[in-house]
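Structural characterization, general
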Amino acid sequence: MPRTTRLSSSLLRAAAAAGVAALTLTACGSGSGSGSGSAGSGSGDVKVGLITKTDTNPFFVKMKEGAEKAAKAEGVRLMTAAGKFDGDNAGQVTAVENMVASGVKGILITPSDSKAIVPAIEKARAKGVLVIALDTPTEPQSAVDALFATDNLKAGELIGEYAKAAMKGKTAKIAALDLAPGVSVGVQRHNGFLKGFGATDKDVACAQDTGGDQSKGQTAMENCLQKEPGINVVYTINEPAALGAYTALKAKGREKDVLIVSVDGGCTGTQAVKDGKIAATSQQYPLKMAAEGVAAVVTYAKDGKKASGYTDTGVTLITDKAQDGVTSKDTGYGLENCWG
């Protein structure tokens, strides 16, 4: 996603010297545009930082969009940064340090490594910076001032309950296409699915990590079909992994008789539900996470009141094949609100 550099040339040189060329730092406000120099003509006093895992994943693109809109509406300046890849903790640490040095009032962050980022966050908070985690909690959660996120356990439960109802008593052979070992979001969604389905890990015929990537999701599904050809329920960490699974199943002529459920509710994923490739997905709202995060920093800047605790930004089950006893909305609603 193209970005416009708005930081001073000295800060850019410092970032480059620190080896963070892949971290794109921007600042925007009313009147911001391309080129270097000042960061825009907003309030001029309040700076808010947003650090995401990557700047290519559509989920984080939408999160940045929400932060940009909120910053413009509030008349504050926004700095953004992203790692080279999902898991780039070193890049996020450098971004935190750069933002603190530039005088941000608050930082919104989706931690790539929930534990390893904590020392950098503690240093920022010690200097009076409000730090809010978005989407992914730190470990411990109390390392940040507040968390604005989806209840990922509930998101998993919803699709688990849906899958159980949709199977209508048939024996399930489950494939779990997960994220990566130890990542809290992936663990919570996986455990939620099993809880909603009324199953345990012993009931999973095949489990594979995908990193949330479509091509890896396809490979994982191919591996699972080799291990257990009779798989008829597929849980996926997100919709790219689900679409990879669908591709593998279609190649085997199995796309019509295997139930795929997922989490995220992005516009592409919701369209895949409408197209019948995915049976159901739990929709979350990254734009809302970011917008509420910016508003919290503005409140802190104005009156010193800090956001605290956990704010649930909501989750909705999206499907066009509703099941009795499972609350859901159709893809019309899903497409209108995808990642809103």
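A brief report on the enclosed structure follows. (Residues numbered from 1 in each chain as written. Predicted model: local features only at pLDDT ≥ 70, side-chain atom pairs only at ≥ 80, totals over all residues. Heavy atoms only, no water.)

Some points on the pairing of strand 7 (residues 174–178)
Worth spelling out the cut-off: The classification of residues rests on relative accessible area computed with a 1.4 Å probe and restricted to protein chains. Under 20% of the type maximum is buried, over 50% is exposed, and intermediate values are partly exposed. Working definition: helices are DSSP H or I runs of at least four residues, strands are E runs of at least two. Numbering for both runs from the N terminus. DSSP-based pairing: two strands are paired if at least 2 bridges between them are found.
Burial runs high along strand 7: five of the five residues are buried. Going residue by residue along strand 7, you find Ile174, Ala176 and Asp178 tucked away on one face and Ala175 and Leu177 tucked away on the opposite face as well. In this structure, strand 7 lies alongside strand 9 (residues 233–236), joined through four bridges in parallel fashion. Each residue of the ladder has a partner; that of Ala175, found in strand 9, is Val234.

Let's talk about the pattern of salt bridges
Going by this rule: Salt bridges, as used here, are contacts in which a Lys or Arg side-chain nitrogen is within 4 Å of a carboxyl oxygen on Asp or Glu.
The full count for this structure, using the stated rule, is 10 salt bridges. Linking Lys115 and Glu139 is a salt bridge whose minimum nitrogen-to-oxygen distance equals 3.9 Å. Residue Lys115 is located in the loop between strand 4 (106–109) and helix 4 (118–126), and its partner Glu139 is located in the loop between strand 5 (130–134) and strand 6 (146–149); the two are separated by 24 residues in the primary sequence. Classification of Glu139 by relative accessible area gives partly exposed; the value is 30%. Across the salt bridge formed by Asp257 and Arg254, the nearest N and O atoms sit 2.9 Å from each other. Among the charged side chains, a salt-bridge network with shared partners connects Lys62, Glu65 and Lys69.

Focus on the state of the cysteines
Cut-off, in case you're wondering: What counts as a disulfide here is a pair of cysteine sulfur atoms lying within 2.5 Å.
For the coordinates displayed, the defined rule picks out two disulfides. Two residues, Cys206 and Cys224, share a disulfide whose sulfurs are 2.1 Å apart. Measuring the twist about the S-S bond at about -75°, one finds the Cys206-Cys224 disulfide to be left-handed. In this pair, Cys206 is assigned in strand 8 (residues 204–209) and Cys224 in helix 7 (residues 214–227), connecting sequence segments 18 residues apart. Exposure remark for Cys224: the relative accessible area of 0% places this residue in the buried category. A sulfur-sulfur distance of 2.0 Å marks the disulfide that ties Cys267 to Cys338. Taking the sign of the S-S torsion, 80° for the link of Cys267 and Cys338, the bridge is right-handed. Pair noted here: Cys267 is in helix 9 (residues 267–274) and Cys338 is in the segment after helix 11 (331–337), with a separation of 71 residues, a long-range link. On the basis of relative accessible area, Cys338 is assigned to the buried category, the value being 8%. Cysteines bonded in the chain are numbered consecutively along the chain; their disulfide partners then correspond to 1-2, 3-4.

Quick notes on the sheet that holds strand 9
Heads up, the rule is: To get an axis, fit a line to the C-alpha atoms, keeping to the stretch in contact for a helix; angles then go from 0 to 180 degrees between the N-to-C directions.
The strand order 8-7-9-10-11-13 describes an open sheet built from six strands, whose pairing is mixed. Either end of the sheet is taken by a strand with one partner, and the two such strands are strand 8 and strand 13 (316–318). In this sheet, neighbouring strand axes are inclined to one another by 15° on average, regardless of whether the strands run parallel or antiparallel. Pairing between strand 9 and strand 10 (residues 259–264): three bridges, direction parallel.

None of this, on its own, says anything about what the molecule does.
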